[in-house]
Amino acid sequence: MTAQEVRLCGLLLREHFGEVVEKVGTHLLKCGAQNLRTIIHETGLSVDLVKKSLCVLVQHGASTFSSGRKGPGSPTEYHASCDRILRILRYPRYIYTAKTLYGDTGELIIEELLQRGHTTMSSTVKTVADRLTQNMAEGLTMDYSEVSSTFSKLVETHFLQRCPPLPRVGNKDSSAPSETPAAPGTPAAPVNTAPPTPESFPECYKVPSVTLIGRGKRQLASEDGEEQRSAKRAKMDPETHGDEGIYWQVNFERFHLHFRDQTIISAVANKLDQTSSEIVRTMLRMSEVTTSPMATCTKPLSANEIFRSLPPSYNILRPILDQYLTLLVDDPMEFVGKAGESGGGMFVVNLHRALANLARATLESVVQERFGSRSARIFRLLLRKRHLEQKQVEDFAMIPAKEAKDMLYTLLSQNLVQLQEIPKTPDYAPSRTFYLYTVNQLPTARMLLQSCYKTVANLVERRLFETKESKRLLEKSQRIEAILASLQVSGAEPEQLTEVEEMITAPEKQQLDTLRLHINKLDSAENQVDETIFLLESYINSTNASS
Amino acid sequence: REERGGGRTMAARGRGQRTLSFTMETVKGDAPPPSVQQPTPVFPVMERKPLPLTGGEEAEYLLALKQDFRGAMRSLPCFIQPLVTHRDVERYSDKYNRSEQMDKLLDWAPGEAPPTASDQSKISSIHCFFRIYPIRNQSLEKKEEQETSEDEEGETKKKQEEEEAEGEEEYDEEEFEEETDYIMSYFDNGEDFGGDSDDNMDEAIY
């Protein structure tokens, strides 16, 4: 957990959960596992606030608890998970993917689950049905069963999973467990060395049989205070639906696999053509269930199978398919590899190789945008040829000596290029030592990833700064909008509306527009940096898994 | 000075050596760039402007999703505000009303001895594990102005699993919070009356 990661996590917690949770969360990130008393003492917050913050963090999966280090009797300790908090950056992408795969219903289900952290199926279905009903035309309502079926589909394709039951800490075993009734026996170990993953429980993807009959309720625009007050009063919901205690969460890893596949397919489409990308998409779809998440390549598929599984709209001839496959295998990006000759040729998608090449392309593009195309040429040269002397760099890159030296030194000072000494004599005399320039892809990717985290943190801070600067103006405009809305609801005349609108002067309006533009730009930039973060993280994780 | 840099990158390092391990004659080429004596400027002039952001429908939709999500999170109960009481005058009822501000959602107590700083602690020291049901918040998601956490009302059910019980009673918070003989609503000083209906301006307030 680097300083940049902790800083970014703090900002994300602040924006989504408030400053109190930020304080508790960053404290846990910096200081490791701690028990409640220590947290209270060291953050200086009140007991209730710390308790609430920990609840929120646990609810959203950002924190876990386990028995203390000193054995079963010691107080429970809480750990915060940096990776999980950084996922918040990717929430819009998850929601959008759900929309493309499962429509508006899927989008709202995923959004609801991301907002709440852990919820039951019944409450999610009800809330989503209500929201969908709200947006539908007058008189139409959304049926619960439709939402339930989308939910089940999401579970079947593993985009949603059950939350693992709480670890049983200590010796209390006689009292009836009030946790998930459907979970198999909870782990008995008093001290958990590693928290069990959700997938280690066999019922992880089992949809409970839920009795959910009904339709979404449209919330009427309440005109008088009576309805508001009754809505505000705590409602005791007497219905139970048979799935109490079974909580669901979004399965981020499954989304990441989907993103990885999408990235590979679009890279093939950009480099080659649409048909090749369709072939790769077919191969990936066929290997979805047979490939483990950390595999370096898919299981071999024969050309015959691929031919049979191509989508019907792509009726290409068999020899053409063979030609395409040969092209894909020969391509330097190494997306597809040949694994044998039986069945008309056995082909695999090289997942790890593809990720590595995509990460390499990212690094090259960064160097190109920061230092120019000639520096990028030197960088690519060093990536390909591994170790080169300065003279060789000048010759191969076809750049005059003086400029090549300048560029190399700039890259060296930015730590994108490293210097390797090879002595001829034991005393390392400079005149008798080879100095070779080299680029190591993995450490450079890590460095760039940290730089991305820093970038996003800077973007967030700048956005908060801009908002704070114009806070007065924003509040004024919000108030005026609220007044306008209430006037329109109660049916006011146009003169009153224009009068209210004119309370904002023209230069203020312009200031607001510029502010909106800046904030949108900063937000959009965060989204796009997150795409790079995803690519680099996938490459680094894939390399660690395969080594 | 450049010597320091030369001493580190080249292999022949001595402790605090100030002499170069090479001289300018043996090394071919020009002098190295002049050394920098101060930190780099905060906003350096960029020689190459960065590429513009990718626009398009997808990017805009993602942007809208992100901003909507952030806005929605602010109105959910998991957004915890620090308690800020803007009271002009300190009132006697403050001492008894403080607990009303916080949600009575948690009966969960710290594992150790109760903290002495707070005077509300008749809390039993019980180890509890819990699962909080999602707190439903119906009306607030529609209002854009009300961000204060005092308005949070919702239902929670919780389940506990006790590990150690030290035999102290739990108090019913409603009645017996502060060892007073009066029910909590006795200390209601009337400041909240009529404060909820500020939205409809055209209703006359008598």
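Quick caveat: nothing in here was measured; it's all calculated off a predicted structure.

About the thresholds
- Residues numbered from 1 in each chain as written.
- Chains lettered and ligands numbered in written order.
- Predicted model: local features only at pLDDT ≥ 70, side-chain atom pairs only at ≥ 80, totals over all residues.
- Heavy atoms only, no water.
- Helix = DSSP H or I, 4+ residues; strand = E, 2+ residues; numbered from the N terminus.
- Buried < 20%, exposed > 50% of the residue type's maximum accessible area, 1.4 Å probe, protein only.
- Contact = heavy atoms within 4.5 Å.
- Areas by Shrake-Rupley, 256 points an atom, 1.4 Å probe, with all protein chains shown as cover.
- Pairing = 2+ DSSP bridges.
- Axes fitted to C-alpha atoms, helices over the stretch in contact; angles between N-to-C directions.
- Core = buried A, V, L, I, M, F, W, Y, C linked by side-chain atoms within 4.5 Å.
- Domains from an automatic or database assignment.
- Buried area = accessible area lost by both parts, 1.4 Å probe.
- Salt bridge = Lys/Arg side-chain N within 4 Å of Asp/Glu carboxyl O.
- Polar contact = N/O pair within 3.5 Å; in protein donor to acceptor, adjacent residues only side chain to side chain.
- Nonpolar A, V, L, I, M, F, W, Y, C, P; charged D, E, K, R; others polar.
- Patch = residues over 30% accessible without salt bridge, like charges linked within 9 Å, V, L, I, M, F, W, Y side chains within 5 Å.
- Phe/Tyr/Trp six-rings, centres within 6.5 Å; stacked < 30°, edge-to-face > 60°.
- Lys NZ or Arg CZ within 6 Å of the ring centre and 35° of its normal.
- Expected span 1.5 Å × (residues − 1).
- Lys, Arg positive; Asp, Glu negative; His and termini not counted.
- Charge placed at Lys NZ, Arg CZ, Asp CG, Glu CD.
- Disulfide = S-S within 2.5 Å.
- Left-handed = near helix turned anticlockwise from the far one by under 90°.

(A) Geometry of the overall build of chain B. Regarding its fold elements, chain B presents four helices and two strands. Along the chain direction, N to C, the helices and strands of chain B fall in the order α-α-α-β-β-α. For chain B, with 206 residues in total, the buried portion stands at 27%. Look at the contacts in chain B between residues 6 or more apart in sequence, and 61% of them connect residues 24 or more apart. Surface summary for chain B: the accessible area is close to 15,100 Å², and the carbon and sulfur share equals 51%.

(B) Layout of the sheet that holds strand E2 (residues 63-66) of chain A. Residue and element names in this part refer to chain A. With antiparallel pairing, the three strands of this open sheet are ordered in space as E1-E3-E2. In the strand order of this sheet, the two ends are held by strand E1 (34-35) and E2, each with one partner. Sheet analysis places E1 next to strand E3 (residues 77-80), joined by two bridges and oriented antiparallel. Residue pairing for E3: glutamine 34 is matched across the bridge by tyrosine 78. Sheet strands touched by helix H2 (residues 19-31): E1, E2 and E3. Its angle to E3, the strand with the most contacts, is close to 95°.

(C) Seen up close, the nonpolar core. All names here are of chain A. Ranked by size, the top nonpolar core spans 112 residues in total, and within it Ile110, Leu114, Leu160 and Leu382 carry the most contacts. For this core, the element with the highest residue contribution is helix H6 (residues 91-116), accounting for eleven residues. Excluding its chain neighbours within four sequence positions, the residues that come into contact with leucine 160 are Ile109, Ile110, Leu113, Phe151, Leu154, Val155, Tyr205, Trp248, Gln249, Val250 and Asn251. Membership of the second largest hydrophobic core comes to 27 residues, among which are Val268, Leu328, Val336 and Leu351.

(D) Region of the structure containing the domain arrangement of chain A. All names here are of chain A. Parsing chain A into structural domains produces domain 1 (3-80), domain 2 (256-349), domain 3 (354-439) and domain 4 (451-490 + 504-546). On the side of domain 4, seven residues touch domain 3, which itself brings six residues to the contact. Counting the surface lost from both domain 3 and domain 4, the interface buries some 520 Å², and carbon and sulfur atoms represent 85% of this. Sorting the residues of domain 3 by area buried against domain 4 places Leu355, Ala359 and Thr362 first, and these three jointly supply 71% of that buried surface. Linking domain 3 to domain 4 there are zero salt bridges. Taken together, domain 3 and domain 4 are joined by zero residue pairs in polar contact (both at pLDDT 80 or more). Across the side of domain 3 that touches domain 4, the residue classes tally to four nonpolar, one polar and one charged.

(E) A look at the pattern of salt bridges. Residue and element names in this part refer to chain A. In the structure shown here, the tally under the stated rule is 30 salt bridges over all chains. Of the charged contacts, one joins arginine 87 and glutamate 537 as a salt bridge, the two residues approaching to 3.6 Å between their closest N and O atoms. Residue arginine 87 is found in the loop between helix H5 (82-86) and H6, and its partner glutamate 537 is found in helix H21 (residues 506-546); the two are separated by 450 residues along the sequence. Taking the shortest distance from any N to any O, the salt bridge between lysine 99 and glutamate 107 comes out at 3.3 Å. Lysine 99 gets classed as partly exposed once you look at its relative accessible area, which sits at 26%.

(F) Looking closely at the sheet that holds strand E12 (residues 433-438) of chain A. Residues and elements named next belong to chain A. Reading across from one edge, E10-E12-E11 is the order of the three strands in this open sheet, with antiparallel pairing throughout. Only two strands of the sheet have a single partner each, and these edge strands are strand E10 (387-389) and strand E11 (418-423). Averaged over neighbouring strand pairs, the angle between their axes works out to 40° when direction is ignored. Examined bridge by bridge, E10 and E12 share three bridges and lie antiparallel to one another. If you follow histidine 387 over to E12, its bridge partner there is threonine 438. Together, E10 and E12 form the strand contacts of helix H15 (residues 373-385), whose direction differs from that of E10 by roughly 125°. In the packing of helix H16 (residues 390-397) onto the sheet, contacts are made with E10 and E12, and the angle to E10 comes to roughly 95°.

(G) Up close: a nonpolar patch on the surface. Residue and element names in this part refer to chain B. A surface patch of nonpolar side chains, amounting to about 330 Å² of accessible area, comprises Tyr182, Ile183 and Tyr186. Inspection of the secondary structure puts tyrosine 182 in the segment after helix H4 (173-176). Overall, the relative accessible area of 44% leaves tyrosine 182 in the partly exposed class.

(H) Here's a closer look at the packing of aromatic side chains. Summed over all chains, the structure comprises 13 aromatic pairs over all chains. Ring centres of A:Tyr102 and A:Phe159 lie 6.4 Å apart, and the angle between their planes is 75°; on these two criteria the pair is classed as edge-to-face. Of this pair, A:Tyr102 sits in helix H6 while A:Phe159 is found in the loop between helix H8 (144-156) and strand E5 (160-162), placing the two residues 57 residues apart along the sequence. Each member of the pair, A:Tyr102 together with A:Phe159, is buried. On the numbers, 6.4 Å between centres and 45° between planes, the contact of A:Phe255 with A:Phe259 is tilted. Remark: A:Phe259 and A:Phe255 occur in helix H10 (residues 252-271); sequence separation between them is four residues, near one turn of the helix. Here A:Phe255 and A:Phe259 have matching classes, each one buried. Ring pairs connect the aromatic residues A:Tyr91, A:Tyr94, A:Tyr102, A:Phe159, A:Phe252, A:Phe255, A:Phe259, A:Phe534 and B:Phe69, which therefore count as one cluster. Note that A:Arg93 overlies the ring of A:Phe259, its terminal NZ or CZ placed 4.2 Å from the centroid.

(I) Structural context of H10(A). The first and last C-alpha atoms of H10(A) sit 28 Å apart over 20 residues, in line with the 28 Å expected at 1.5 Å per residue. Residues A:Phe252, A:Arg254, A:Phe255, A:His256, A:His258, A:Phe259, A:Arg260, A:Asp261, A:Ile264, A:Ile265, A:Ala267 and A:Val268 constitute the buried set of H10(A).

(J) Up close: a positive patch on the surface. All names here are of chain A. On the surface, Arg377, Arg380, Arg384 and Lys385 cluster together into a positively charged patch. Relative to the helices and strands, arginine 380 is located in helix H15. For arginine 380, a relative accessible area of 35% puts it in the partly exposed group.

(K) Main features of the state of the cysteines. All names here are of chain A. Evaluation of the coordinates by the stated rule reveals zero disulfides over all chains. In this structure cysteine 82 is a free cysteine whose sulfur lies 3.5 Å from that of cysteine 9, the closest cysteine sulfur available. Assessed through its relative accessible area of 7%, cysteine 82 is described here as buried.

(L) Expanded view of the packing of helix H14 (residues 351-371) of chain A against helix H18 (residues 441-469) of chain A. Residues and elements named next belong to chain A. It is the contact of H14 with H18, at a shortest axis distance of 11 Å, that shows an interaxial angle of 65°. Two packed elements cross with a definite hand, and for H14 against H18 that hand is left-handed. Mapping the contact onto sequence places Ala356, Ala359, Arg360, Leu363, Val366 and Arg370 in H14 and Gln441, Thr444, Ala445, Leu448 and Ser451 in H18. Residue composition of the contact of H14 with H18, grouped by class: six nonpolar, three polar and two charged.

(M) Geometry of the environment of B:Leu53. Mapped onto the elements, B:Leu53 comes out in the loop between helix H1 (2-9) and helix H2 (57-75). Setting aside residues up to four positions removed in sequence, B:Leu53 forms contacts with A:Lys521, A:Ser524, A:Ala525 and A:Gln528.

(N) Up close: the environment of A:Ala356. If you trace the backbone, A:Ala356 turns up in helix H14. As for A:Ala356 and A:Val289, which are separated by 67 residues in sequence, their C-alpha atoms are 23 Å apart.

(O) Quick look at the pairing of strand E6 (residues 247-250) of chain A. All names here are of chain A. Where burial is concerned, the two faces of E6 agree: the one with Tyr247 and Gln249 and the one with Trp248 and Val250 are both buried. Note: strand E4 (residues 119-120) against E6, two bridges, orientation antiparallel. In the strand pairing of E6, threonine 120 is matched with tyrosine 247. Relative to E6, E5 runs antiparallel, the two being bridged by three bridges. Bridge pairing in E6 places arginine 162 opposite tryptophan 248.

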